[in-house]
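Survey of secondary and tertiary structure
Letter by letter, the chains look like this.
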Amino acid sequence: MGFLGSAVRRVFSAVRSPLSPLCRTSTRSYSSEPTKEKSVPYEKTLKQEDGASSGPTKPLPRSADAVVIGGGSLGCQTIYHLAKMGMTNVVLLERDRLTAGTTWHTAGLLWQLRPSDVEVELLAHTRNVISKDLEEETGLHTGWIQNGGLFIASNKQRLDEYKRLMSLGKVYGIESHVLSPAETKDLYPLMNVDDLYGTLYVPKDGTMDPAGTCTTLTRAATARGATVIENCPVTGIQVRTDDIGVKRVKAVETQHGTIETPCVVNCAGVWATKLGEMAGVKVPLIAMHHAYVVTERIEGIQNMPNVRDHDASVYLRLQGDALSVGGYERNPIFWDEVSDKFAFSLFDLDWDVFMQHIEGAVNRVPALEQTGIKSTVCGPESFTADHKPLMGEAPEVRGFFLGCGFNSAGMMLGGGCGRELAHWIIHGRPEKDMYGYDIRRFHNSLTDNKRWIRERSHESYAKNYSVVFPFDEPLASRNMRKDPFHQVGQWLDHPQASRNTASTVFMYVLTEQGCMFQERHGWERPGWFNKEGPAPVKDYDYYGAYDVKRNEKYKYDELLGQEYTFDFPPHHDVIKNECLSCRHSVAVFDMSYFGKFYLTGPDAKKAADWLFTADVNKKPGTTVYTCMLNKRGGSEADLTVSRLEPGAANLPLAPESNGDAYYLAIGGGVAEHNWNHIRTVLQDQGFRCQLTDHSEDMGMISIQGPKSREVLQEVLDTDLSNEAFPFSSHKVVNAAGHQVRAMRLSFVGELGWELHIPKDSCLPVYRAVMAAGAKHGIINSGYRAIDSLSIEKGYRHWHADLRPDDTPLEAGLAFTCKLKSSIPFQGRDMLEKQKKEGLKRRIVCFTTDEKVPMFGLEAIYRNGVPVGHLRRADYGFYIDKTIGYGYIRNPDGGVVSADFIKSGEFTLERMGVVYKAKAHLKSPFDPENKRVKGIYD
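Rules of the game
- Residues numbered from 1 in each chain as written.
- Predicted model: local features only at pLDDT ≥ 70, side-chain atom pairs only at ≥ 80, totals over all residues.
- Heavy atoms only, no water.
- Pairing = 2+ DSSP bridges.
- Helix = DSSP H or I, 4+ residues; strand = E, 2+ residues; numbered from the N terminus.
- Axes fitted to C-alpha atoms, helices over the stretch in contact; angles between N-to-C directions.
- Core = buried A, V, L, I, M, F, W, Y, C linked by side-chain atoms within 4.5 Å.
- Buried < 20%, exposed > 50% of the residue type's maximum accessible area, 1.4 Å probe, protein only.
- Domains from an automatic or database assignment.
- Contact = heavy atoms within 4.5 Å.
- UniProt positions renumbered as here; feature names shortened; annotations may be inferred.
- Phe/Tyr/Trp six-rings, centres within 6.5 Å; stacked < 30°, edge-to-face > 60°.
- Parallel < 35°, antiparallel > 145°, perpendicular 65-115°, else oblique.
- Left-handed = near helix turned anticlockwise from the far one by under 90°.
- Expected span 1.5 Å × (residues − 1).
- Right-handed = clockwise from strand over helix to strand, strands pointing away.

So, about the sheet that holds strand 11 (residues 257-260). The strand order across the open sheet formed by three strands is 9-10-11, and the pairing between neighbours is antiparallel. If you trace the sheet from one side to the other, it starts and ends with strand 9 (234-241) and strand 11, each paired once. On average, each strand axis in the sheet is tilted by 25° relative to the strand beside it, whichever way the strands run. Strand direction decides the pairing type here: strand 10 (residues 247-254) and strand 11, joined by four bridges, are antiparallel. Among the inter-strand pairings, Glu253 is bridged to a residue of strand 11, identified as Thr258.

Laid out in structure tokens, this is it:
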């Protein structure tokens, strides 16, 4: 046995041999390691002591409605919730014993507060299941211990983040307290508080026991008719192709028999990628070593809360009269050769990698310096590109669902995610907004890109304990997808470079003007334009880990670092200039990353009627803003749909069509989600249609502002008057000698047009626009300006103030719904029911007179009672106010009427400080929509 303090000194004084590049698959231990004992700190595990496997624990049924594969936290939670929702002919298959993969060695921590309203709700359900529901259903104790949680802040920004969490928690009734260093010392006497700025204490956080939880879950599931079979490895997934060419799950194969089923749920954790390969499904996760150590007894530690010291990247979990110490390091070890024989197994701990956590732990609890290490726990965990799970139906195969990639949070997210996954399987969609976990959040070109998976997963792991700032951007795996203005860099040294230099020059133009690019869906899109010169995105340097040299003089990283604040950023005035230039004159926005789809075929009109809430079957040349709904009336998307003239193909500007044809323009960050939603509806309804993707064949620039007509009239060969080119119309025209599709639309609330341009024509058209706009002071603007301008106008952003759990009626988008017609559309029945009963929640615009930055998640109070939280907030530079949008409820459960809003006194709580707010039933900017019509008083 060794001591933590002496271990730190020995290891840090040792001469370190360099880590092998990027993918170390074997470990090395120092001769001075404190212990060689490897064992989890739980009194009970489900491992068979004799190590013998006697075959399946139960006979395999011939068929099942669903087969869940993997007996860890997610698998057990999923089968429990499936059975609870009434799907009882379900089977769970575990290749060894329950929890054998990664669940058995998990730390089992549950923290109730996260910087996401959906995650707060998911965690709350897990806590209810573990601490109450299961015990009531089975009479068994799951091992839940409510000892509280304590978040450590060593600086103002960290404490500001905790105050944001506290304000959000009040909306959900989660008790939390911001404590001073002295108050923290009173709560946790063994803690060093000399370097603390403050802490956040959540009394009802706690700890879960993996064996007790999974045993109780399966006991409750089998009591309802579900079947749990252990010692039964899956050897194959049978997939069939139906009459219309759609791949669907057919059966699950094992060494002991085959189960016919239309539904497979991949809860295989680290092994999920291999299971996906059996069905031809891509599962973008990667396995890493993840570790903690268990100390000997510490006098006075009993009943202390669990601790997360984010700035030291370490956690301290109470383990009876001892602590488990772990964290997230910058140089985790990848496990590339994933073994199928790895059950109830651990790696040797690499002290080189782990010692950084010990140093932080000893600083926080000095008593650890003289405390022995009882055992080490280093096991595999699965991690993903954005540190969020992979859930939902796989795009490649219908009936193949994912419930994996939980980034060491499978226990605490398991209950909430198990319920949503069960709802997904039974009803086709989850109840909550699970887009942040949906596999369809990733573009299909990325999900099998090994560089992207590895780099992004590393960065997300290394930054797991970093402050979550509103405008952060990844540094890993950038420049994966480039719009037509970017794609030609590779042609510069090519013999045919001259035919494609347009795009390169345009990228050069944007970069030279200081474009700070954002990454969305793999695309690079302009964020804002700094005044300090070029700031290109460089190759990923792994933050200096694995002997990779750090990027030097990295301007992009430096400017990004200035975003790390909850105050207005230093470039607030730069974004202000971009916004006001658009409001007063003219600005150009590169929106090329938009999804651009064509819907054609014999049933295109039927499909359009069913898919879209609005009546898009106007005369050709009309463009309509519309939503697409799920069966519950929730908004799966908002987009524009343009009806096209039938005729011969003129790709990429027009498809071949002998009948009805539609052009769909969709926000690029959610294009994969939209594509799969449309495809799924077409398949389920049996519509004979073709959906084709031309997103990468065209660029798109949007010219917006009072002077946009004057600028474009010099570039386009068509009359741009209101009479000749009204709002919400489109036509193919010539621009500087090149054909483009011009659309009179606006995402910012101004007079303006979008130009959808074949990629080889992008540069000459852009040059012509900029030349014509020079005398009007035209400038390039980015998406940070679009965010501000659009919220000022009251336009929705999908996945922010419009989500799958919001109906158009609740979102103030009733005008997009053809309820006055008799045309059926998906979700219509739910909207009609909601309209009849009245809205129990609805979106409201709020402004504050005090100029304070808000970003969303701020609590909304009506007459001193919490009624909701802001979903989205920004600064409106034209009206010179902070603006926020949030959904509010009536605390009495009644209808949220206009009178309810008008009669209330509203306040917004930001980081514990309350500000008076004014509620608006209409946008405070141009409520009569004059500007988009070209009417400027």
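The structure having been displayed, the exposition proceeds.
Attention now moves to the nonpolar core. Across soluble globular proteins, nonpolar side chains have a tendency to be buried as a group. Grouped together as the largest cluster of nonpolar side chains are 183 residues, with contacts concentrated most on Leu93, Tyr188, Phe400, Cys417 and Phe589. When residues of this core are assigned to domains, at least three fall in each of domain 1 (450-564) and domain 2 (810-933). Here Phe400 is in contact with Val249, Val264, Asn266, Leu275, Gly276, Ala279, Val281, Gly392, Glu393 and Ala394, once residues within four sequence places are set aside.

With numbering matched to this structure, UniProt assigns "domain: Aminomethyltransferase C-terminal" (unreviewed entry) to residues 841-925. A distance of 23 Å separates the end C-alpha atoms of residues 841-925, which is 6% helix and 54% strand.

On to the sheet that holds strand 27 (residues 690-693). One open sheet accounts for five strands, arranged 24-25-26-23-27; its pairing is antiparallel. Of all the strands in the sheet, just strand 24 (623-629) and strand 27 have a single pairing partner and so form its edges. Across the sheet, the mean angle from the axis of one strand to that of its neighbour is 30°, orientation sign disregarded. As judged from the five bridges shared by strand 23 (residues 595-600) and strand 26 (residues 662-666), these two strands associate in the antiparallel manner. Residue pairing for strand 26: Tyr598 is matched across the bridge by Tyr663.

The next point concerns the UniProt feature "domain: GCVT N-terminal" (unreviewed entry) in the protein. The UniProt record marks residues 509-820 with the feature "domain: GCVT N-terminal" (unreviewed entry), using the residue numbering of this structure. Secondary structure within residues 509-820 divides into 24% helix and 25% strand; the distance between the first and last C-alpha atoms comes to 49 Å.

Here we come to the packing of aromatic side chains. Under the counting rule described, the total for this entry stands at 33 aromatic pairs. Ring geometry for Phe442 against Trp452: centres 5.1 Å apart, planes inclined by 80°, an arrangement best described as edge-to-face. Highlighted residues: Phe442 in the loop between helix 9 (410-427) and helix 10 (450-462) and Trp452 in helix 10, separated in sequence by 10 residues. Each member of the pair, Phe442 together with Trp452, is buried. Summarising the aromatic geometry, the rings of Tyr542 and Tyr546 are spaced 5.6 Å apart at their centres and angled 80° between planes, so their arrangement reads as edge-to-face.

This brings us to the environment of Val765. The residue Val765 is located in helix 17 (residues 762-773) in this model. The exposure class of Val765 is buried, given its relative accessible area of 0%. Expressed as a C-alpha distance, the spacing of Val765 and Gly886, which sit 121 residues apart in the sequence, is 40 Å.

Moving on: the packing of helix 13 (residues 572-584) against helix 18 (residues 783-793). Running from N to C, helix 13 and helix 18 point in directions that differ by 55°, and their axes come no closer than 9 Å. On the basis of their axis angle, the class for helix 13 and helix 18 is oblique. Taken as a pair, helix 13 and helix 18 cross one another with a handedness that is right-handed. When helix 13 is examined against helix 18, the residues Ile575, Glu578, Cys579, Cys582 and Arg583 are found in contact with a partner set consisting of Arg784, Ala785, Ser788, Leu789, Glu792 and Lys793.

Next up on the list: helix 3 (residues 117-138). Taking 1.5 Å of rise per residue, the 22 residues of helix 3 would be expected to cover 32 Å, and the 30 Å separating its terminal C-alpha atoms lies within 8% of that figure. Following helix 3 by one or two positions, Gly139 adopts a phi angle in the positive range, close to 75°.

Take the pairing of strand 2 (residues 90-93) next. Residues Val90 and Leu92 of strand 2 are buried on one face, and the alternating residues Val91 and Leu93, pointing to the opposite face, are buried as well. Pairing between strand 1 (residues 66-69) and strand 2: four bridges, direction parallel. By the bridge assignment, Val68 is partnered in strand 2 with Leu92. Following the backbone out of strand 1, through helix 2 (residues 73-84) and into the adjacent parallel strand 2, one traces a crossover that is right-handed. The pairing of strand 2 with strand 8 (residues 227-229) spans three bridges and is classified as parallel. If you follow Leu92 over to strand 8, its bridge partner there is Val228.

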